[in-house]
Amino acid sequence: MTAKRIDGRAAAAAIRQRVAEHVPAFEQQTGRAPGLATVLVGEDPASAVYVRSKNRATAETGMVSFAHNLPDTITEDELLQLVLDLNADERVDGILVQLPLPNQIDAARIIATIDPAKDVDGFHAINAGRLATGQDALVSCTPLGCLHLLRQELGDLTGLEAVVIGRSNIVGKPMALLLLGDNATVTVAHSRTKNLREVVRRADIVVAAVGRAEMVRGDWIKPGATVIDVGINRLPTEDGKGRLVGDVAYDEAAEVAAAITPVPGGVGPMTIAMLMRNTLVAAHRRAGLADPEGL
Ligand SMILES: NC(=O)c1ccc[n+]([C@@H]2O[C@H](COP(=O)([O-])OP(=O)(O)OC[C@H]3O[C@@H](n4cnc5c(N)ncnc54)[C@H](OP(=O)(O)O)[C@@H]3O)[C@@H](O)[C@H]2O)c1
């Protein structure tokens, strides 16, 4: 069997398009477009690229982006003050503080200071708790994107065996909770899991969020499974540019699975699309409007 290649770029473009279609109605009802504030501290090139693409995507949907680029010498108090100002700014519906932050700043304190109603990354404990207790929450963008791809691919997830590899607060844990919410039977594996291959082998759905290049091999995959590869790992190449690979050995797994996301072009584009979705949703909730349909 050669698996279907799940096209994350196409799915992400469709979501961004849907977000863009909702913006004029929001503007008409509230007199302004939804706004996303991004906060970039320092000059880490990867973070700068991510934040730039988030700002660009925001503008492309017709929403407003407020970019705050700060030197890495900023103090924790100064950054906290900026977050408080953004919390109070009525034009701002979403606040995204790009991680990692420099050592002098306690990222947990910064995240805890973001107004949960504007926490479009879904990292605040209030949103994590709301997700865990089955209430409306702003949910971390990457697992939300994975869930969207799974629903698109499989329809109803009820009763399917799902194995999530990784238990980070950003990906693994919210992913497991989302799958549980969709009535999958969920196992969360991690670095202390015994017989990982056998655990993964029983899964109808595998979500790999580990950060280890091509760790999941083809013979770990149950024939016909759907595989979502969250990992982004750069392998060295002779020309020095490096090559991006996921946590799953794609070619091997594609021989066995029914469907699989590539890296790049799978989960990655979904993360920004879901950030746009979360910003639109946050704007509606803050304005007392019903959630936008179809998102
Ligand atoms: N596509 C995107 O937009 C996107 C977004 C976010 C992250 N990512 C990528 O996704 C990957 C995971 O990100 P993350 O933030 O969740 O990483 P993380 O915080 O480092 O968590 C990695 C998880 O993998 C587990 N793990 C490590 N080695 C393992 C092993 N040998 N066997 C089984 N489990 C193992 C760890 O277990 P312990 O808890 O036991 O240590 C941990 O729970 C990274 O490659 C990251 O770059 C991609």
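Residues numbered from 1 in each chain as written. Predicted model: local features only at pLDDT ≥ 70, side-chain atom pairs only at ≥ 80, totals over all residues. Heavy atoms only, no water.

## Some details on the environment of Val186
Note on placement: Val186 falls in strand E6 (residues 185–189). Residue Val186 is classed as partly exposed on the basis of its relative accessible area, which comes to 24%. The spacing of Val186 and Val163 is 23 residues in sequence and 5.9 Å in space, taken between C-alpha atoms. (Helix = DSSP H or I, 4+ residues; strand = E, 2+ residues; numbered from the N terminus. Buried < 20%, exposed > 50% of the residue type's maximum accessible area, 1.4 Å probe, protein only.)

## Some thoughts on helix H2 (residues 45–60)
Here H2 contains 16 residues, and its C-alpha end-to-end distance of 22 Å stays within 8% of the 22 Å for a straight helix at 1.5 Å per residue. Those residues of H2 that fall on the buried side of the exposure criterion are Ser47, Ala48, Val51, Ser53, Lys54, Asn55, Ala57 and Thr58. In this structure, the buried residues of H2 make contact with helix H1 (8–30), strand E2 (35–41), strand E3 (64–70), strand E4 (94–97) and helix H10 (267–286). Looking at the residues trailing H2, positive phi occurs at Gly62, about 90 degrees. (Expected span 1.5 Å × (residues − 1). Contact = heavy atoms within 4.5 Å.)

## Focus: the packing of H1 against H10
Between H1 and H10, the shortest axis-to-axis distance is 8 Å and the interhelical angle comes to 20 degrees. Taken together, H1 and H10 sit at an angle that is classed as roughly parallel. Of the two possible hands of crossing, H1 and H10 adopt the one that is left-handed. Residues Gly8, Arg9, Ala11, Ala12, Ile15, Arg16, Val19, His22, Val23 and Phe26 of H1 form the contact with H10, whose own contacting residues are Pro269, Met270, Ile272, Ala273, Met274, Met276, Arg277, Leu280, Ala283 and His284. Residue composition of the contact of H1 with H10, grouped by class: 14 nonpolar, 3 polar and 3 charged. (Axes fitted to C-alpha atoms, helices over the stretch in contact; angles between N-to-C directions. Parallel < 35°, antiparallel > 145°, perpendicular 65-115°, else oblique. Left-handed = near helix turned anticlockwise from the far one by under 90°. Nonpolar A, V, L, I, M, F, W, Y, C, P; charged D, E, K, R; others polar.)

## Digging into the sheet that holds strand E1 (residues 4–5)
Taken together, the 6 strands give an open sheet; going across it, the order is E1-E11-E8-E7-E5-E6, and neighbouring strands pair in parallel fashion. Edge positions in the sheet fall to E1 and E6, since each has one partner strand and no second. One ladder, built from 2 bridges, connects strand E8 (residues 226–229) with strand E11 (residues 259–260); its direction is parallel. Residue pairing across strands places Thr226 opposite Ala259, the latter belonging to E11. Across the sheet, helix H7 (residues 172–181) touches strand E5 (161–165), E6 and strand E7 (205–208), and the angle it forms with E5 is around 170 degrees. (Pairing = 2+ DSSP bridges.)

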